[in-house]
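# A look at the structure
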Amino acid sequence: AASPTIVLQPSPSMEAAKFQHLWTSLQCQESFAINASALSSMKQAVMSLNTNLQMDGIHTMASGGQDPMFKLYQYAQLDDYAYPGGAGTVFLVEVVADTSAGRVSCLCKSDKPDFLKKFASFFEQKLKEHI
């Protein structure tokens, strides 16, 4: 199967207050979990997601935690030129990594359900590349 693709803006802007407001108000969501086999390197992999995913247009609003639980809150925005019908569409993601279980759970939210499924598949693919 071809890996899912979606074109994201390279450097979207998002303020913490806006992120928080959208997180509580957006109803459309997709979730998935992946298993990460290399537990010893998982903490490093999760913490380096900030920089690795940024190259794909997925940016980190906040991150933190300590073994065995780490959380990242990330955001992305559709590229308006690639999707004229999706102008201004944003995606928010909560990544919860449990290093003791070797599991990464993700909750993706957006205001556009049709693009959200595509984004969630893309995000899952990118996570598997890095963890």
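First, a word on what this report is: a plain description of the structure on this page. (Residues numbered from 1 in each chain as written. Predicted model: local features only at pLDDT ≥ 70, side-chain atom pairs only at ≥ 80, totals over all residues. Heavy atoms only, no water.)

### Side note on the sheet that holds strand β2 (residues 59-66)
- Pairing within the open sheet is antiparallel, and its 5 strands lie in the order β1-β5-β4-β3-β2. Where the open sheet ends on each side, the last strands, each with one partner, are β1 (28-35) and β2. Neighbour to neighbour, the strand axes of the sheet diverge by 15° on average, direction disregarded.
- Pairing analysis gives 8 bridges linking β1 to strand β5 (residues 103-110), with the strands arranged antiparallel. For Cys28, the partnering residue across the bridge sits in β5 and is Ser110.
- Relative to strand β4 (residues 90-98), helix α1 (residues 16-25) is tilted by about 85°, and along the sheet it contacts β2, β3 (69-77), β4 and β5.
- Here helix α4 (residues 113-130) sits on the sheet in contact with β1, β3, β4 and β5, set at roughly 15° to β1. (Pairing = 2+ DSSP bridges. Helix = DSSP H or I, 4+ residues; strand = E, 2+ residues; numbered from the N terminus. Axes fitted to C-alpha atoms, helices over the stretch in contact; angles between N-to-C directions. Contact = heavy atoms within 4.5 Å.)

### A look at α1
- Listed in full, the buried residues belonging to α1 are Phe19, Leu22 and Trp23. Each buried residue of α1 sits inside an arc of 105° when the element is viewed along its axis, so together they form one side. Within α1, the exposed residues directed more than 90 degrees away from the buried face are Ala17, Gln20, His21 and Thr24.
- Those residues of α1 that are buried are in contact with β2, β3, β4 and β5. (Buried < 20%, exposed > 50% of the residue type's maximum accessible area, 1.4 Å probe, protein only. Arc of directions from axis to C-beta.)

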